[in-house]
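As a plain string of letters, each chain reads:
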Amino acid sequence: MDKYARFRYQPCIPLGQHGRKVTGSPAHAALSRKAAGEGMVLLKNENNALPFKKGERLALFGKATIEYIKGGGGSGDVHCAYTRNIFEGFAQKEAEGKLGVYMPTVEYYKEYVKEQSKFVPTSDDIEKTWSIVNAMDFCQEKDDIIYDTFASMHVPEADVPDELIVSAAEKADAAVITLSRFSAEGVDRRAVDGDYYLSDVEKRLIDRVSAAFEKTVIVINSGALIDCEYFAENDKVQGILFGWQGGMEGGMAVADLLCGDVNPSGKLGDTIPKSYNDYENGKIFQTGYEHLDYEDDIYVGYRYFETIPGAAEKVRYPFGFGLSYTTFEMSGAFCGETDGKIVAAVTVKNTGDVAGKEVVQLYYSAPQGKLGKPSKELAAFTKTKLLAPGESQTVALSFDINDMASFDDLGKVQKSAFVLEKGEYVFHLGNSVRNTRQLSYKFVAEDDIIVKQSKSLLTPFKLERRLLADGTYEALPQGEPHYYSERNKAVDVKAPEAEVRFDDVVTDEELDAFIKQFTVDELIDFVGGHPFRSSVCNTGAFGGLDRLAVPAVPTADGPAGVRLDEKTGVPTTAWPCATLLACTWNTELIQEVGAAGGAELKENNLGVWLAPAMNIHRNPLCGRNFEYFSEDPVLAGKCCAADVLGIQSNRVAVSVKHFACNNRESNRFECDSRVSERALREIYLRGFEICVKDADPWTIMSSYNLINGNHTSTSYELLTEILRNEWGFGGIVTTDWGVHSANSDEIIAGNDIKMGEGDPKELKAAFESGKLTRADLEPCVKRILQMTMKFAN
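The structure contained in this document is the topic of the report that follows. Bear in mind that the values here come from a model prediction, so they are computed numbers and not experimental data.

Parameters at a glance
Residues numbered from 1 in each chain as written. Predicted model: local features only at pLDDT ≥ 70, side-chain atom pairs only at ≥ 80, totals over all residues. Heavy atoms only, no water. Helix = DSSP H or I, 4+ residues; strand = E, 2+ residues; numbered from the N terminus. Rg over C-alpha atoms; globule rule 2.2 N^0.38 Å. Buried < 20%, exposed > 50% of the residue type's maximum accessible area, 1.4 Å probe, protein only. Contact = heavy atoms within 4.5 Å. Areas by Shrake-Rupley, 256 points an atom, 1.4 Å probe, with all protein chains shown as cover. Lys, Arg positive; Asp, Glu negative; His and termini not counted. Charge placed at Lys NZ, Arg CZ, Asp CG, Glu CD. Pairing = 2+ DSSP bridges. Axes fitted to C-alpha atoms, helices over the stretch in contact; angles between N-to-C directions. Parallel < 35°, antiparallel > 145°, perpendicular 65-115°, else oblique. Left-handed = near helix turned anticlockwise from the far one by under 90°. Nonpolar A, V, L, I, M, F, W, Y, C, P; charged D, E, K, R; others polar. Polar contact = N/O pair within 3.5 Å; in protein donor to acceptor, adjacent residues only side chain to side chain. Phe/Tyr/Trp six-rings, centres within 6.5 Å; stacked < 30°, edge-to-face > 60°. Lys NZ or Arg CZ within 6 Å of the ring centre and 35° of its normal. Core = buried A, V, L, I, M, F, W, Y, C linked by side-chain atoms within 4.5 Å. Expected span 1.5 Å × (residues − 1). 1 Å grid on protein atoms, 1.4 Å probe; cavity = no way out; pocket = protein on both sides within 12 Å on 5 of 7 lines; lining within 4 Å. Points joined across faces, edges and corners; volume = space filled by probe spheres on them.

Brief notes about the overall build of the protein chain
Thought 1: Each helix and strand counted, the protein chain has 23 helices and 30 strands in total.
Thought 2: Relative to the compact-globule value of 28 Å for 793 residues, the protein chain shows a C-alpha radius of gyration of 26 Å, a close match.
Thought 3: Counting only C-alpha atoms, the protein chain reaches 85 × 65 × 55 Å along its principal axes.
Thought 4: Within the protein chain, the fraction of its 793 residues that count as buried is 62%.
Thought 5: Here the analysis covers contacts within the protein chain between residues at least 6 apart in sequence; of these, 76% occur between residues at least 24 apart.
Thought 6: Total accessible area computed for the protein chain in this model is approximately 28,800 Å², and 49% of it derives from carbon and sulfur atoms.
Thought 7: Measuring between centres, the 86 positive side-chain charges of the protein chain sit 2 Å from its 117 negative side-chain charges.

Take a look at the structure:
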């Protein structure tokens, strides 16, 4: 078979057993359900209210009983064959004889959702709105229209009649209230009632239901954090499950957990504070759209709440926290140093009555020194197998000693160097950032150790101050922007005398000669995206040159599933959102999910999955947090790497996004992320670095935003100096679709391809003026071709 047949001819070649498709298959749906169950987090279980006992009768409340939200909106949405809601999950348990469901509340919500859905705008209505919005410059009115449009895509919460609650309480033993939230790309959430905070209708529902029932359990169906204070310490609410957005089988997974068929083992990947106002960056995030000042610096998430004086008391649920229906004991902990690594081991025993899994988390505390440090930082983690009651497992964890180094951006120890400051490094082992035991071993640096010397890159010029570990702020140097770049040198090779087709290219030397056959116009055309002919692809393709038989490589959106247009008639698997996957703390499971998703991509003759996404959860209002993993770069980086390894095991490509600091959606094309070099190196770039070094992604997507005054897609310092030269990345860099920056500047920076379409006129003018040469274009073309060669059968 032609080694690029999948792209050239789009054959129908199912990848499943017995000639069956894997796309949207029952096996993948079962895996989605399994992953959803492992990432949902049990936050509260007073008096062992959960799991529900056999024969208990449940009354279900909340519109998500019927209108369950499987994931977020925008490019991350997925067309799937069905979405199992909360009622369907419990209906299955009822059919299995495990419990009963009080149907009048279910029928009420069915009718309510049916009637209210008549007021939800149609796809045509929404397209008309988008056509208006897309023609507007960014302003508050535009942001409001986008926000209101996405909010209108789901029905509001119902104000349930009192008599229904009373009758339900007379005939049911317990109540389950599901609270749902929806967010999407292109706009941020807001710290208002009905979004981050509960609405008055939701509060009244909780008040009335919890007063009528002896047992009330709340399920949160949201891709990102919401305020939990209204029910966290409410004695009338006995159980809380943060169910996130669980994909197409999410309602089934909720029922699995609440009925005890699955024991909760999820742990929080984000800190839940008592109020949105408790975030150091909370006020800044909501003021102004032109720039975002990262004054919190490295003190993001638990690094802030566990370090800054007075912040610890503001936490409701700490990072890494999550309950189980069983109990565990950790014993025999060991920690030491070997071959440049810190190694720890501990025996975990299930001391309870039901089988379960536990997450072991290893943290370190570095000396404050001259640079200042968080009180604890996650270094490594692992998850046990399913342990039967009384069963034990010894697990090992390790990480490089150099991973504890801090980046000195101001020269307090040595400028632009990664430094292990002298002093004692202490280690803590446990199952959350607050439930740890200090280990006896300490790593001692007798003097400051320069781990790696870098250079000053991505320097901020308008960030006035940053937070320190003691809660004060230090002033940062100000100045005029200047950006560093170098130019490529021409490859001294000639085109072959006889025309060579792409299929005949094997070696790197042959590839260099092959590229010399491209005319300037062909080089220019090649570094821009194109629509893909005769395919389910609706996001365009990389490369493609018919004259020399170079196939175009079609792409598909993600990350919560392979996103195909509904018109194709091909439903795919909707996986749980990335926030939930991170809460599994199970990289093996995430790799399995990635492999399944990658198989669906390949089966549909697509080459590049525009996923996974892994920006940091800096603030809970970022509209795209459901696509991202965690507030912690180690957890995010390891989850992302596992996903990439799984996807690319199918010999298809990922495009890890959005590189970098895409922590806001409103005015995302022009918002300037003003951030220190240290925070970049230790927080916002760290997860990407882990993924690049652990998983070798074939492509990375630069983001819409600016970093310190320069669009990421035109930043030589980011894309060439850091990504390629320091980390050793060998793949291609693509822009996000429609980024607002000059194509020629992107080429010079090392951004290989502009999507969804290039700007050939601008590139041709830059070439004719001498701004660009073949030496600038050819390396980009070569990297695209090198990636294409990886797809060969």
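Moving on, there is more to tell.
Examining the sheet that holds strand E8 (residues 291–293)
Thought 1: Pairing in this open sheet of four strands is mixed, and the strands run E8-E26-E28-E29 from one edge to the other. Strand pairing shows two members of the sheet lacking a second neighbour, E8 and strand E29 (710–711), which therefore form its edges.
Thought 2: Where strand E26 (residues 672–674) lies against strand E28 (residues 706–707), two bridges are found, and the strand directions are parallel. Residue pairing across strands places Asp-672 opposite Leu-706, the latter belonging to E28.

Brief notes about the packing of helix H16 (residues 587–603) against helix H17 (residues 633–648)
For any two helices packed against each other, one specifies the crossing angle of their axes together with the interaxial distance.
Thought 1: It is at 6 Å that the axes of H16 and H17 come closest, and there the two elements cross at 40°. One finds that H16 runs oblique with respect to H17. As H16 runs across H17, the sense of the crossing is right-handed. Of the residues in H17, those in contact with Thr-587, Ile-590, Gln-591, Gly-594, Ala-595 and Gly-598 of H16 are Lys-638, Cys-639, Ala-642, Asp-643, Leu-645, Gly-646 and Ile-647.
Thought 2: Of the residues in the contact of H16 with H17, the class split is six nonpolar, five polar and two charged.

Some words on the side chain of Ser-454
Thought 1: By the secondary structure assignment, Ser-454 is in the loop between strand E19 (449–453) and strand E20 (465–467).
Thought 2: In this structure Ser-454 comes out as buried when scored by relative accessible area, which is 13%.
Thought 3: A distance of 3.0 Å separates a polar atom in the side chain of Ser-454 from a polar atom in the side chain of Arg-681.
Thought 4: If near-sequence neighbours (up to four positions away) are discounted, Ser-454 is found in contact with Phe-407, Ser-416, Ala-417, Arg-681 and Glu-726.

Examining the sheet that holds strand E16 (residues 417–420)
Thought 1: In space, the three strands of this open sheet follow the order E15-E16-E19, with antiparallel pairing throughout. Either end of the sheet is taken by a strand with one partner, and the two such strands are strand E15 (406–408) and E19. Averaged over all pairs of adjacent strands, the angle between strand axes in this sheet comes to 35°, irrespective of strand direction.
Thought 2: In this sheet, E16 lies alongside E15 in antiparallel orientation, the contact comprising three bridges. For Phe-407, the partnering residue across the bridge sits in E16 and is Phe-418.
Thought 3: This element, helix H18 (residues 677–684), spans E15 and E16 of the sheet and lies at about 160° to E15.

Here's the deal with the packing of helix H3 (residues 86–95) against helix H10 (residues 250–258)
Thought 1: Where H3 meets H10, the axes come as close as 7 Å, and the angle between the chain directions of the two elements is 50°. As judged from the angle between their axes, H3 and H10 are oblique. Where H3 crosses over H10, the handedness of that crossing is right-handed. Touching Ile-86, Glu-88, Gly-89, Phe-90, Gln-92 and Lys-93 of H3 are Gly-251, Met-252, Val-254, Ala-255, Asp-256 and Leu-258, all from H10.
Thought 2: Class assignment for the residues of the contact of H3 with H10 results in six nonpolar, three polar and three charged.

Description of the packing of aromatic side chains
Thought 1: Within the structure shown, the criterion is met by 34 aromatic pairs.
Thought 2: When the centroid spacing of 6.3 Å and the interplanar angle of 15° are considered together, the rings of Tyr-108 and Tyr-112 count as stacked. Linking Tyr-108 with Tyr-112, this pair stays in helix H4 (residues 103–116), spanning four residues, or about one helical turn.
Thought 3: For Tyr-112, a relative accessible area of 14% puts it in the buried group.
Thought 4: Through pairs of rings, three or more aromatic residues link up here, namely Tyr-196, Tyr-197, Tyr-276, Tyr-279, Tyr-304 and Phe-305.
Thought 5: Sitting over the face of the ring of Phe-285, Arg-664 holds its NZ or CZ atom 4.9 Å from the ring centroid.

Overview of the nonpolar core
Thought 1: Judged by nonpolar contacts, the single largest core of 164 residues is most densely connected at Phe-61, Phe-90, Phe-231, Leu-258, Phe-659 and Tyr-684.
Thought 2: Per-element accounting of this core gives the leading share, nine residues, to H17.
Thought 3: Among all residues touching Leu-258, those that are not within four sequence positions of it are Leu-50, Pro-51, Phe-52, Phe-90, Val-176, Val-217, Val-219, Leu-241 and Tyr-325.
Thought 4: One finds Val-520, Leu-548, Ile-784 and Leu-785 within the second-largest nonpolar core, a separate group that totals 39 residues.

What about unusual backbone geometry?
Thought 1: The omega torsion of the bond from Phe-659 to Ala-660 falls at 5°, within 30 degrees of zero and hence cis.
Thought 2: A cis geometry characterises the amide bond from Met-755 onward to Gly-756, with omega recorded as -5°.
Thought 3: Assignment of secondary structure puts Gly-756 in the loop between helix H21 (743–749) and helix H22 (760–769).
Thought 4: Located in the positive-phi region is Asn-48, a residue other than glycine, with phi close to 50°.
Thought 5: Relative to the assigned elements, Asn-48 resides in the loop between strand E1 (41–45) and strand E2 (57–61).
Thought 6: If you check the backbone angles, Trp-244 has positive phi at about 55° while not being a glycine.
Thought 7: Looking at where Trp-244 falls in the secondary structure, it is placed in the loop between strand E6 (239–242) and H10.

Regarding the environment of Tyr-425
Thought 1: Along the chain, Tyr-425 turns up in strand E17 (residues 423–430).
Thought 2: Classification of Tyr-425 as buried rests on a relative accessible area of 0%.
Thought 3: With 17 residues separating them in the primary sequence, Tyr-425 and Lys-442 have C-alpha atoms 5.6 Å apart.
Thought 4: For Tyr-425, the side chain forms a polar contact with the main-chain oxygen of Glu-421, separated by 2.7 Å.

Some details on helix H23 (residues 774–789)
Thought 1: With 16 residues, H23 ought to run about 22 Å at 1.5 Å a step, and its terminal C-alpha atoms sit 22 Å apart, in line with that.
Thought 2: Every buried residue of H23 is listed here: Ala-775, Asp-776, Leu-777, Glu-778, Cys-780, Val-781, Lys-782, Arg-783, Ile-784, Leu-785, Met-787 and Thr-788.
Thought 3: Here H23 starts with a cap whose side-chain oxygen sits 3.2 Å from the backbone nitrogen of Ala-775, and that cap is Thr-773.

A short note on the layout of surface pockets
Thought 1: As a volume, the second largest pocket reaches approximately 1,100 Å³.
Thought 2: Around the second largest pocket, the lining comprises 44 residues; the ones closest to its centre are Ala-379, Asp-403, Val-634, Lys-638 and Asp-694.
Thought 3: When residues of the lining of the second largest pocket are traced back to their parent elements, those giving at least two are helix H2 (26–39), strand E13 (377–383), strand E14 (392–400), E19, H16, H17, H18 and helix H19 (686–695).
Thought 4: The element contributing the most residues to the lining of the second largest pocket is E13, with seven residues.
Thought 5: Looking at the lining of the second largest pocket residue by residue, the classes come out as 17 nonpolar, seven polar and 20 charged.

Geometric values such as these leave the question of function open.
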